[in-house]
Amino acid sequence: MNQYVRKAENGSPVDHYERVAGNGKKQKIAFTKMHGCANDYVYINCFDQDIENHAELAVWLSDRHTGIGGDGVIFICPSEIADAKMRMFNLDGSEGMMCGNGVRCVAKFVYDSGIARKDVLHIETLSGIKICRVTVENGEVAAVTVDMGKAELAPEKIPVLFDGESVVSREIEVLGEPYAVTCVSMGNPHCVIFGGDPDFIDLEKIGPYFEHFEKFPERINTEFIQVLDDHTLKMRVWERGSGETMACGTGACASAVAACLNGFCQKGEDIRVRLRGGELVIRYTDERVQMTGNADTVFTGVVEI
Ligand SMILES: N[C@H](CCC[C@H](N)C(=O)O)C(=O)O
């Protein structure tokens, strides 16, 4: 597969592609394109394929013009402590600690492929083992409920550079505008902002400034939320390492937790999060978070790198 690199010339806002010499190795890799609420990734089975240079491959294959196209690449690997291990890479090549939409699709892949045909699957991630309960229709997984674990509120564990025991509705200034932020980790860092209809936010403009803001030492995923009622949130997201995505599972969980912390929703009750790519149902009970949503296979293929 010929490699291409994207370059903005002379500070131009428009990327141009340059073809660069391939690495010479010719390896055919089987992949499966899947999505959860249109948050789409290229999935690669590493039970039967040896992969190197995960980050470089993620950048290549995610490109929607010269690659397969996706918000990133997820490698499904053998695990000594679970049914499978998920390694998730954003489209910029950075490795994510956790991916909510991704872990549902990994559970589907593991079940449908026969790697582990169980109703309750354990998936190892960089933020611990996630327990996934699958819903099967016509012999294939249609939906998955994931125990996403504990929502972390301590600033130093998110991490964010704020004092105090938690960050709930604290003001920061971005591009000269004040924003009240609530910060939560679901194994990866999130900054949640409540306001009007997020459809009218210029996300391309302000998203990168939140992602790289000085108080977020490991960058951050940023969710913009409109509270529709005490059980329903509308969300857009600017993801760390991928930009705007159609959905973010960990972001939906963080937003539901933030809504409870701010008194907009109630713990222990289903909270429906409406994203551009679909809907997730979140429940925040006793510090733990549960997420339910779809997992879909779009196509399979072989790519030569
Ligand atoms: N961009 C995220 C990883 C992907 C999370 C998102 N796609 C999800 O479904 O949770 C990060 O770097 O922390």
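Remember, predicted model here, so these are calculated numbers, not experimental data.

Chemist: Would you mind going over the UniProt feature "active site" (unreviewed entry) in the chain with me for this structure?
Modeler: Within this structure's numbering, the places UniProt gives as "active site" (unreviewed entry) are C99 and C248. Spanning 150 residues, the named residues form one tight spatial group whose C-alpha atoms are at most 7.7 Å apart. By secondary structure assignment, the location of C99 is in the loop between β7 (95–96) and α2 (100–112). Here C99 is in contact with Y41, I74, M86, M88 and T250, once residues within four sequence places are set aside. Considering the arrangement of structural elements, one finds C248 in the loop between β16 (243–245) and α4 (249–261).

Chemist: Would you take a moment to explain the site of the ligand for this structure?
Modeler: The environment of the ligand is formed by 15 residues, the closest being Y41, G100, E239, G249 and T250. Residue G100 places a main-chain N or O atom 2.8 Å away from an oxygen atom belonging to the ligand. Between the ligand and R240, the relevant distance is 2.9 Å, taken from an oxygen atom to a side-chain nitrogen or oxygen of the residue. Notes on the ligand: free accessible area 370 Å², of which the protein chains cover 100%. For the shell around the ligand, the secondary structure elements donating two or more residues are β4 (39–45), β6 (84–90), α2 and α4. The two domains that each donate at least three residues to the shell around the ligand are domain 1 (5–147 + 294–304) and domain 2 (155–287).

Chemist: Just to check I follow, could you spell out α2 for this structure?
Modeler: Because the α-helix completes a turn every 3.6 residues, residues three or four places apart line up on one side. Here α2 spans 19 Å end to end across 13 residues, near enough to the 18 Å set by a 1.5 Å rise per residue. Where burial is concerned, most of α2 is hidden: 12 out of the 13 residues are buried. Of the residues making up α2, those classed as buried are G100, N101, G102, V103, R104, C105, V106, A107, K108, F109, V110 and Y111. Once α2 finishes, G114 follows within two positions and takes phi at roughly 85°, a positive value.

Chemist: When you look at the pattern of salt bridges in this model, what are you seeing that I'm missing?
Modeler: Between side chains of opposite charge, pairing is possible as soon as their charged atoms come close. The full count for this structure, using the stated rule, is 21 salt bridges. The salt bridge involving K7 is made with E18; its shortest N-O contact spans 3.6 Å. Of this pair, K7 sits in strand β1 (residues 3–8) while E18 is found in strand β2 (residues 15–20), placing the two residues 11 residues apart along the sequence. Judged by its relative accessible area of 36%, E18 falls in the partly exposed class. Between D83 and K118 there is a salt bridge, and its shortest N-O distance comes to 2.6 Å. With D83 in the loop between β5 (72–77) and β6 and K118 in the loop between α2 and β8 (120–125), this pair connects stretches of sequence that are 35 residues apart. We classify K118 as partly exposed; its relative accessible area is 37%.

How each quantity is defined
- Residues numbered from 1 in each chain as written.
- Predicted model: local features only at pLDDT ≥ 70, side-chain atom pairs only at ≥ 80, totals over all residues.
- Heavy atoms only, no water.
- UniProt positions renumbered as here; feature names shortened; annotations may be inferred.
- Helix = DSSP H or I, 4+ residues; strand = E, 2+ residues; numbered from the N terminus.
- Contact = heavy atoms within 4.5 Å.
- Near = heavy atom within 4 Å.
- Polar contact = N/O pair within 3.5 Å; in protein donor to acceptor, adjacent residues only side chain to side chain.
- Areas by Shrake-Rupley, 256 points an atom, 1.4 Å probe, with all protein chains shown as cover.
- Domains from an automatic or database assignment.
- Expected span 1.5 Å × (residues − 1).
- Buried < 20%, exposed > 50% of the residue type's maximum accessible area, 1.4 Å probe, protein only.
- Salt bridge = Lys/Arg side-chain N within 4 Å of Asp/Glu carboxyl O.

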